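Report on the structure
The primary structure of each chain is shown beneath.
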2 protein chains.
Amino acid sequence: MKTYINPNPEQWSELAKRKTVATADLNETVKAVFNDIQKNGSKAVKKYTSYFDGVSIENFEVTASEIENAVAQIPSELKNAIQIAADNISKFHSSQKEIPTKIETTSGVFCWRESRAIDTIGIYIPGGTAPLFSTVLMLAIPAKIAGCKNIILCSPPDKNGNINPAILYAAQLTGVTQMYKVGGIQAIAALTFGTDEIPKVSKIFGPGNQYVTAAKQYAQQLGLAIDMPAGPSELLVIADASCDPEFVASDLLSQAEHGGDSQVILVTNSEEIVAKVSVAIEKQKAVLPRQVTVEKALENSRALVFEDIQRAIEFSNFYAPEHLILAIENAEDKIEFIENAGSIFIGNYSCESAGDYASGTNHTLPTNGYAKNYSGVSLDSFVKKITIQKLTSQGIQNLGPTIEIMAAAEQLDAHKNAVSIRLKKLQNG
Amino acid sequence: MKTYINPNPEQWSELAKRKTVATADLNETVKAVFNDIQKNGSKAVKKYTSYFDGVSIENFEVTASEIENAVAQIPSELKNAIQIAADNISKFHSSQKEIPTKIETTSGVFCWRESRAIDTIGIYIPGGTAPLFSTVLMLAIPAKIAGCKNIILCSPPDKNGNINPAILYAAQLTGVTQMYKVGGIQAIAALTFGTDEIPKVSKIFGPGNQYVTAAKQYAQQLGLAIDMPAGPSELLVIADASCDPEFVASDLLSQAEHGGDSQVILVTNSEEIVAKVSVAIEKQKAVLPRQVTVEKALENSRALVFEDIQRAIEFSNFYAPEHLILAIENAEDKIEFIENAGSIFIGNYSCESAGDYASGTNHTLPTNGYAKNYSGVSLDSFVKKITIQKLTSQGIQNLGPTIEIMAAAEQLDAHKNAVSIRLKKLQNG
């Protein structure tokens, strides 16, 4: 890892840079696929599935017998593990339910808000060799808790036209209502417009490659909501003498194996820690199967040494990491200084993979500095909060004159009149 | 108002249609202005201010003496009214603060979340004859409660290079930190990139014309967050025999005066109510100064008569109105059936203008059917919620095997190893 000693703030922008992925050139492709699918529905979805996934699919919907087969294929050890993770995710996301509180802002004027589920949502799960069934848990469980009626999953078929059984298993366990063997731009377009097979959704969640990301952005322009802008995964570890360098190395490597474009950053108050972590990385790396990926990711990565941990935290806030591990003394007391992060992992035993799978927090988090302005996925992501107000006759009498004066000052006479007409009738009644 | 009796569900899509505003053709203009301002900063902002607003501005920032002048110009009656509204908005938004709750999902595994303010936000307030100072209250008050450090207001200068004093008054009252005399695409571009005068922000709030809307969408593509997609304002009233037709008429008119593209819809279970409301509209309209606007808006508007109120609510959910008035018997008992709405107004005395100005709820709400997938602005809009997890040594021992099994099944060995290395050391220690 390239190491920087006491980098001055002018260098911080450079040190906080992510590898940029150009998406602009995908826009034309995305628009063309969307237009075709809007016009030609399933027929076009089939065409692009043949073209991009190299497989011909007759019926996109996963059948009950396919799900049964998938369930039978999952070893019971994995089923148990998934159940434990699902229980934790369920507990933590259930705790995010908001209990409506009625506030009387002026005597006779009551305000509150209530949450309502987004009726129909889409979950996109990428294909590839590693089946990301954990992401199914992270998206379908809160959707179910929120009360979403239709939870539609799309995932690209493999060369034999199948979705990985672990994905189907997680989907049926968590209450996904429909599953479709479709991926890429064509999946996002189908969810955006709806086809005769695949329902139109109001919000799309889930990770994906740059095509899926560009397609989700385009869907957003067309009026759908999306979970958040996506980018390569990243981890920043703040470590001091209390850390275990082998643990830190293992965390940096676990992030690095996600992809060659992942980024890991070590920030510390001691050059010695950098040296020890580097040695541990070399040692642990040697036995990892994804070495090429890991090495590519480590090229984007850096170690920064600051005079003290407070300064290290300042840099972390500037960087706004997706995942932040605090492997420092009294880590819990430092949380209050963290301004920007997707999720924080406290102390030596809170490895990032705990949050990736099973602790209960959501692993769909803001990358690429978006932790400055976006939250990760939570129960909130699956609901709208509707405000409600009730004015009694006393309430409008108390607040009416205020509204009349303000409406008049904004030159909105009909707004004023809606109050005046009520006040007059109450006076005369 | 055009009236439809028992329209069948096939007609609903047509009846729920909003007037579409094309924005695609603005994209080139928006991009050109953004590129110029990114490259040339203040110089370019000045150029576009001359060109679009017809006024030459030397220093964009509003000075302390300009603010003092503005404060002196506001009549004390209006100051008092603004203060009452601000107090109510403050009370309701303060009640939206989330108190962190630590959940122990597995013995020794603790998860919780904490809110952090978005550091720097931008508030856009449109110009024009009517000064929308109420929107300043709706955006700056929750920003301040959330703890945003920099609250940057931009509003276009008039022909004399000034911002309306009521806007400046509301801004200084609510703790806006900087105010700039700049509007349109050039304001949004300046907030997106920052210039030597105007700071770069992380999120942009506030209404605007189609240029501002297109510019905000482009800012979002560039990585900024925005409050929500914007569209013309709208109101749906559900009324039964318990309503006061004159009140309903006054509410429909107050919405109609917002702009020719506003939409008002009356849904009821009785043709008689439509007739009475129509008579009241004609009578009240005659004395309104904005008659041309109101009449144009009424052209987009319709009355629907259904057999019963339950059916009326179904249509309302399908339409997903920004504002929904329930002028029906036992209105509060019907709230549970409302799935999609920005804000709900209960009973005969809860006029929309109460929420527009002073009840305490936010008036920045989802339009154009976005109430299906977006919430209105609330305290949540100004914070990120960071999840936090802490595993004790007991916690990782309890949950570790679960994580190992799941990571292995996703073929992420380094993720597994981050757990194994900890479990091994604990075993050996």
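Residues numbered from 1 in each chain as written. Chains lettered and ligands numbered in written order. Predicted model: local features only at pLDDT ≥ 70, side-chain atom pairs only at ≥ 80, totals over all residues. Heavy atoms only, no water.

Description of the interface of chain B and chain A
To keep things clear, this is the line we draw: Any pair of residues with heavy atoms lying within 4.5 Å of one another is described as a contacting pair. Here's the idea: put two parts together, see how much 1.4 Å probe accessible area each one loses, and the total over both is what we call buried area. Salt bridges are defined as contacts in which a side-chain nitrogen from Lys or Arg sits within 4 Å of a carboxyl oxygen from Asp or Glu. Strands here mean DSSP runs of E at least two residues long; helices mean DSSP runs of H or I at least four residues long; both are numbered from the N terminus. Three categories are distinguished: nonpolar for Ala, Val, Leu, Ile, Met, Phe, Trp, Tyr, Cys and Pro, charged for Asp, Glu, Lys and Arg, and polar for the others, with Gly belonging to the last.
Listed by partner, the interface residues are 115 residues for chain B and 115 residues for chain A. Between chain B and chain A, roughly 10,300 Å² of surface is buried when both sides are summed, and carbon and sulfur atoms account for 57% of that area. Seen at the junction of chain B and chain A, the total is 14 salt bridges. The residue B:D244 makes a salt bridge to A:K425 at a minimum N-O spacing of 2.8 Å. The dominant element in the side of chain B that touches chain A, judged by the number of residues it contributes, is helix 16 (residues 413-428) of chain B, at 10 residues. Split by residue class, the side of chain B that touches chain A holds 54 nonpolar, 37 polar and 24 charged.

Describing the nonpolar core
Selection criterion: Put simply, a nonpolar core is a bunch of buried Ala, Val, Leu, Ile, Met, Phe, Trp, Tyr and Cys residues held in one set by side-chain atoms that sit within 4.5 Å of each other. Each residue is assigned to one of three classes by its accessible area relative to the maximum for its type, calculated with a 1.4 Å probe on protein chains only: buried under 20%, partly exposed between the two thresholds, exposed over 50%.
Within the largest apolar cluster, 62 residues are counted, with the highest numbers of intra-cluster contacts made by A:M406, B:I121, B:L153 and B:F382. Counting residues per element, this core draws most heavily on helix 5 (residues 133-146) of chain B, which supplies 10 residues. Beyond its immediate chain neighbours, meaning those up to four positions away, A:M406 contacts B:L78, B:A81, B:I82, B:A85, B:F133, B:L137 and B:Y357. The next biggest cluster of nonpolar side chains, apart from the first, holds 61 residues, and it includes A:A85, A:I141, A:M228 and B:V419.

Concerning the packing of aromatic side chains
Rules: Each Phe, Tyr or Trp ring, with Trp reduced to its six-membered ring, pairs with another whose centre is within 6.5 Å; inter-plane angles below 30 degrees give stacked pairs, above 60 give edge-to-face pairs, and intermediate values give tilted ones.
Going through the model one piece at a time under the given rule, you end up with 26 aromatic pairs over all chains. Where A:W12 meets A:F315, the ring centres are 5.4 Å apart and the plane angle is 85°; that geometry is what we call edge-to-face. Of this pair, A:W12 sits in helix 1 (residues 9-15) while A:F315 sits in helix 12 (residues 309-319), and the two are 303 residues apart along the sequence. The class of A:F315 is buried, set by a relative accessible area of 0%. A ring pair is formed by B:Y48 and B:F52, whose centres lie 6.1 Å apart and whose planes are at 20°; its orientation type is stacked. In this pair, B:Y48 and B:F52 are both assigned in helix 2 (residues 27-53), 4 residues apart and thus about one turn of the helix distant. By way of ring pairs, the aromatic residues A:W12, A:F306, A:F315, A:F318 and A:Y319 are connected into one cluster.

With respect to the relation of the copies chain B and chain A
Our working definition: Least-squares fitting of one copy onto the other uses the C-alpha atoms of those residues that reach a pLDDT of at least 70 in both copies.
Superposing chain B onto chain A takes a rotation of 180° combined with a translation of 0.0 Å along the rotation axis, leaving an RMSD of 0.0 Å. Here the transformation between the copies is reduced to the relation of a two-fold axis.

Describing the UniProt feature "binding site: NAD(+)" (unreviewed entry) in chain A
Residue and element names in this part refer to chain A. Heads up, the rule is: UniProt positions are given in the numbering used here, feature names are shortened, and annotations may be inferred rather than shown by experiment. Think of a polar contact as two N or O atoms within 3.5 Å of one another; within protein, one of them needs to be a possible hydrogen donor and the other a possible acceptor, and neighboring residues in sequence only count if both atoms come from side chains.
What UniProt calls "binding site: NAD(+)" (unreviewed entry) maps, in this numbering, to Y124, Q186 and N209. In three dimensions, the annotated residues from a span of 86 residues occupy one location, with a maximal C-alpha spread of 13.0 Å. Here Y124 lies in strand 4 (residues 120-124). A residue is classified by how much of its surface remains accessible, and Y124, at 3% relative accessible area, is buried. Beyond its immediate chain neighbours, meaning those up to four positions away, Y124 contacts C154, P156, V182, G183, G184, A187, I188, F205, G206, P207, G208 and V212. Reaching out from Y124, the side chain makes a polar contact with the backbone nitrogen of G184 at a distance of 2.8 Å.

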